[in-house]
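# Examining the three-dimensional arrangement
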Amino acid sequence: QVQLVESGGGLVQPGGSLRLSCAVSGSFFSINTMAWYSQAPGKERELVASITSGGSTNYADSVKGRFTISRDNAKNTVDLQMNSLKPEDTAVYYCNANIKITRYTLSSSYWGQGTQVTVSS
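Definitions and limits used
- Residues numbered from 1 in each chain as written.
- Predicted model: local features only at pLDDT ≥ 70, side-chain atom pairs only at ≥ 80, totals over all residues.
- Heavy atoms only, no water.
- Buried < 20%, exposed > 50% of the residue type's maximum accessible area, 1.4 Å probe, protein only.
- Helix = DSSP H or I, 4+ residues; strand = E, 2+ residues; numbered from the N terminus.
- Pairing = 2+ DSSP bridges.
- Axes fitted to C-alpha atoms, helices over the stretch in contact; angles between N-to-C directions.
- Salt bridge = Lys/Arg side-chain N within 4 Å of Asp/Glu carboxyl O.
- Lys, Arg positive; Asp, Glu negative; His and termini not counted.
- Polar contact = N/O pair within 3.5 Å; in protein donor to acceptor, adjacent residues only side chain to side chain.
- Contact = heavy atoms within 4.5 Å.
- 1 Å grid on protein atoms, 1.4 Å probe; cavity = no way out; pocket = protein on both sides within 12 Å on 5 of 7 lines; lining within 4 Å.
- Points joined across faces, edges and corners; volume = space filled by probe spheres on them.
- Nonpolar A, V, L, I, M, F, W, Y, C, P; charged D, E, K, R; others polar.
- Phe/Tyr/Trp six-rings, centres within 6.5 Å; stacked < 30°, edge-to-face > 60°.
- Lys NZ or Arg CZ within 6 Å of the ring centre and 35° of its normal.

Here the focus is the pairing of strand E11 (residues 115–119). A one-sided burial pattern is seen for E11, the buried positions being Thr 115, Val 117 and Val 119 and the unburied ones Gln 116 and Thr 118. Note that strand E9 (residues 91–100) and E11 share 3 bridges and pair antiparallel. Counted as the bridge partner of Tyr 93 is Thr 115 from E11.

Here's what the structure looks like:
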């Protein structure tokens with residue numbers, strides 16, 4: 001069974017920084033694209049940043065220049081470094097990964113449990 005475990009959420013002041021981490025464990029063949037999503041109260045879950053197995057990244061316009069996504073393929077982890085945080089960044093952040101369980105199965109989407117990020121003075 002594949003599991004995604006997140007850590008690093010919490011309360012931070014505007015302008016501060018926070019680093020989220022997500023670790024994938026269990027039995028699987030490969031991890032393809034990994035990503036971070038955010039969901040604020042009353043809003044849809046939105047893509048924040050993604051990174052392919054080769055290291056190609058994509059960011060939402062609202063976080064470009066402030067957030068950085070990275071991954072360690074040897075450790076099966078993906079991180080989100082969040083700098084210059086704003087109150088509007090407040091949301092639950094979810095780790096996502098597209099994973100092939102075996103060589104002969106399709107890639108499926110897996111989610112972490114979510115971690116709360118609150119930006120407030």
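Structure shown, so let's carry the discussion forward.
Now for the sheet that holds strand E8 (residues 77–82). If you trace the 4 strands from one edge of the open sheet to the other, you get E1-E3-E8-E7, paired in antiparallel fashion. Pairing within the sheet leaves two strands with one partner each, and these edge strands are strand E1 (3–7) and strand E7 (67–72). Across the sheet, the mean angle from the axis of one strand to that of its neighbour is 15°, orientation sign disregarded.

Oppositely charged side chains can pair when the atoms bearing their charge come close. Tallying each qualifying case throughout the model produces 3 salt bridges. In this structure, Arg 19 engages Asp 79 in a salt bridge whose closest nitrogen and oxygen atoms are separated by 3.1 Å. Placement of Arg 19 in strand E3 (residues 18–25) and of Asp 79 in strand E8 is noted, with a sequence separation of 60 residues between them. On the basis of relative accessibility, which here comes to 15%, the residue Asp 79 falls in the buried class. Residues Asp 89 and Arg 66 are paired through a salt bridge, measuring 2.8 Å at the closest nitrogen-oxygen approach. Of this pair, Asp 89 sits in the loop between E8 and E9 while Arg 66 sits in the loop between strand E6 (57–59) and E7, and the two are 23 residues apart along the sequence. A single burial state applies to Asp 89 and to Arg 66, both of which are buried.

For the rest of this paragraph, the subject is the side chain of Arg 71. Tracing the backbone through its elements, the reader meets Arg 71 in strand E7. Although Arg 71 is buried, it makes no salt bridge; Asp 72 carries the closest opposite charge, 8.2 Å away. There is a polar contact of 2.8 Å between the side chain of Arg 71 and the backbone oxygen of Asn 32. A polar contact is formed between the side chain of Arg 71 and the backbone oxygen of Thr 52, at a distance of 3.0 Å. Not counting residues within four places of it along the chain, the set of residues in contact with Arg 71 comprises Ile 31, Asn 32, Thr 33, Met 34, Ile 51, Thr 52, Ser 53, Thr 77 and Val 78.

On to the layout of surface pockets. Roughly 250 Å³ of volume is contained in the largest pocket. In terms of lining, the largest pocket is formed by 16 residues, of which the most central are Ser 38, Glu 46, Ser 62, Glu 88 and Asp 89. Looking at the lining of the largest pocket, the elements with two or more residues in it are strand E4 (30–39), strand E5 (46–51) and E9. Among the elements that make up the lining of the largest pocket, the one with the highest residue count is E5 (3 residues). Its residues assigned to classes, the lining of the largest pocket comprises 7 nonpolar, 4 polar and 5 charged.

This part takes up the packing of aromatic side chains. Taken as a whole and judged by the stated rule, the model has 2 aromatic pairs. Linked through ring pairs, Tyr 37, Tyr 94 and Trp 111 together constitute an aromatic cluster. Across from the ring centre of Tyr 94, 3.6 Å away, lies the NZ or CZ of Arg 45, which sits over that ring. Between the NZ or CZ atom of Arg 45 and the centre of the ring of Trp 111, over which it lies, the distance is 4.7 Å.

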